[in-house]
Amino acid sequence: MNDILDRLARTLEARKQADPQSSYVAKLYAKGLDAILKKVAEEAAETIMAAKDGEREKIIYETADLWFHSLVLLAQQGIHPNDILNELARREGISGIEEKASRSEKSGKPFGEG
Ligand SMILES: N=c1c2ncn([C@@H]3O[C@H](COP(=O)(O)OP(=O)(O)OP(=O)(O)O)[C@@H](O)[C@H]3O)c2ncn1[C@@H]1O[C@H](COP(=O)(O)O)[C@@H](O)[C@H]1O
């Protein structure tokens, strides 16, 4: 599973030197950050619509588009997918409810009280 993410990350890195005429990814890089962000937002919306429709195959297809464009964003920002996997691994076993409670405890403290 990590192999495909790693191979794709290498391809996305290599596309930084590619010709936008022959590479979709190079074309996105050339258009810049806003164009990449627009694709991420579009694919997120399409994933939401697929889920609302309850169409399994469409959810898989649109989520693949969303993950792909998110990976392009990460590559453009110099972030490897392993950085995200490491963050997920760090969170493993920490309940979201616990984590949120500890966050609001921290932010609820007046300045200077740590
Ligand atoms: N996984 C993907 C991948 N998933 C989706 N897409 C492209 O992402 C685009 C999705 O956009 P839409 O569905 O919105 O279709 P569209 O209307 O044509 O898009 P726009 O022109 O509006 O942006 C399509 O052009 C898809 O072909 C991808 N393009 C490339 N990859 C991977 O990236 C590698 C490098 O690609 P190139 O840079 O093109 O060689 C490929 O070998 C693949 O491994």
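Sequence positions are assigned chain by chain, starting from 1 and proceeding in written order. Side-chain atom pairs in this predicted model are given and counted only at pLDDT of 80 or more, local residue features only at pLDDT of at least 70, and totals for whole chains, interfaces and linings cover all residues. Remark: hydrogens and water are excluded; side-chain values derive from all non-hydrogen atoms of the structure.

For the chain, the name recorded in an unreviewed UniProt entry is Phosphoribosyl-ATP pyrophosphatase, with Sulfuritortus calidifontis as its organism. On record in UniProt, under Subcellular location (unreviewed entry), the comment for the chain is "Cytoplasm". UniProt positions are given in the numbering used here, feature names are shortened, and annotations may be inferred rather than shown by experiment.

Each helix and strand counted, the chain has six helices and zero strands in total. Starting at the N terminus and walking to the C terminus, you meet the elements of the chain as α-α-α-α-α-α. In terms of C-alpha radius of gyration, the chain reaches 18 Å, well past the compact-globule figure of 13 Å for 114 residues. Summarising its shape, the C-alpha atoms of the chain cover approximately 55 × 35 × 30 Å along the three principal directions. We call a residue buried when its accessible area falls under 20% of the maximum for its residue type, exposed when it is over 50%, and partly exposed in between, using a 1.4 Å probe and counting protein chains only. Across the 114 residues in the chain, those meeting the buried criterion constitute 21%. Whether two residues touch is decided by their heavy atoms; if any such pair falls within 4.5 Å, the residues are in contact. Taking as baseline every contact in the chain between residues at least 6 positions apart, the subset at least 24 positions apart corresponds to 55%. With residues, only the protein chains shown are counted as cover, and all accessible areas are computed by Shrake-Rupley using a 1.4 Å probe. Within the structure as shown, the chain displays about 8500 Å² of accessible surface, and the carbon and sulfur contribution to it stands at 56%. Each charge class in the chain can be summarised by its mean position, and for the 17 positive and 20 negative side chains these summaries are 2 Å apart. Strands here are runs of E lasting at least two residues and helices are runs of H or I lasting at least four, both read from the DSSP assignment and numbered beginning at the N terminus. Radius of gyration means the value over C-alpha atoms here, while the globule rule gives 2.2 Å times the residue count to the 0.38 power. We treat Lys and Arg as the positive residues and Asp and Glu as the negative residues; His and chain ends play no part in the count. In plain terms, the charge of a residue is placed at NZ if it is Lys, CZ if Arg, CG if Asp and CD if Glu.

The next thing to look at is the site of the ligand. Taken together, Leu 8, Thr 11, Arg 15, Ser 23, Tyr 24, Val 25, Lys 39, Glu 43, Asp 65, Phe 68 and His 69 make up all the residues around the ligand. A distance of 3.0 Å separates an oxygen atom of the ligand from a polar side-chain atom of Arg 15. In the model, an oxygen atom of the ligand is placed 2.6 Å from a nitrogen or oxygen of the Lys 39 side chain. Burial of the ligand by the surrounding chains reaches 50%, relative to a free accessible area of 840 Å². Of all the secondary structure elements, the ones that give two or more residues to the shell around the ligand are α1 (2-14), α2 (24-31), α3 (33-53) and α4 (56-76). By residue number, the principal contributor to the shell around the ligand is α4, which donates three residues. Any residue that is not Ala, Val, Leu, Ile, Met, Phe, Trp, Tyr, Cys, Pro, Asp, Glu, Lys or Arg is counted as polar, Gly included; the first ten are nonpolar and the last four charged. Class assignment of the residues belonging to the shell around the ligand gives a composition of four nonpolar, three polar and four charged. Proximity criterion: a residue is near a molecule or strand once any of its heavy atoms comes within 4 Å of it. Any pair of nitrogen or oxygen atoms within 3.5 Å is treated as a polar contact; in protein, a donor-acceptor pairing is required on top of that, and neighbouring residues in sequence qualify only through side-chain atoms on both sides.

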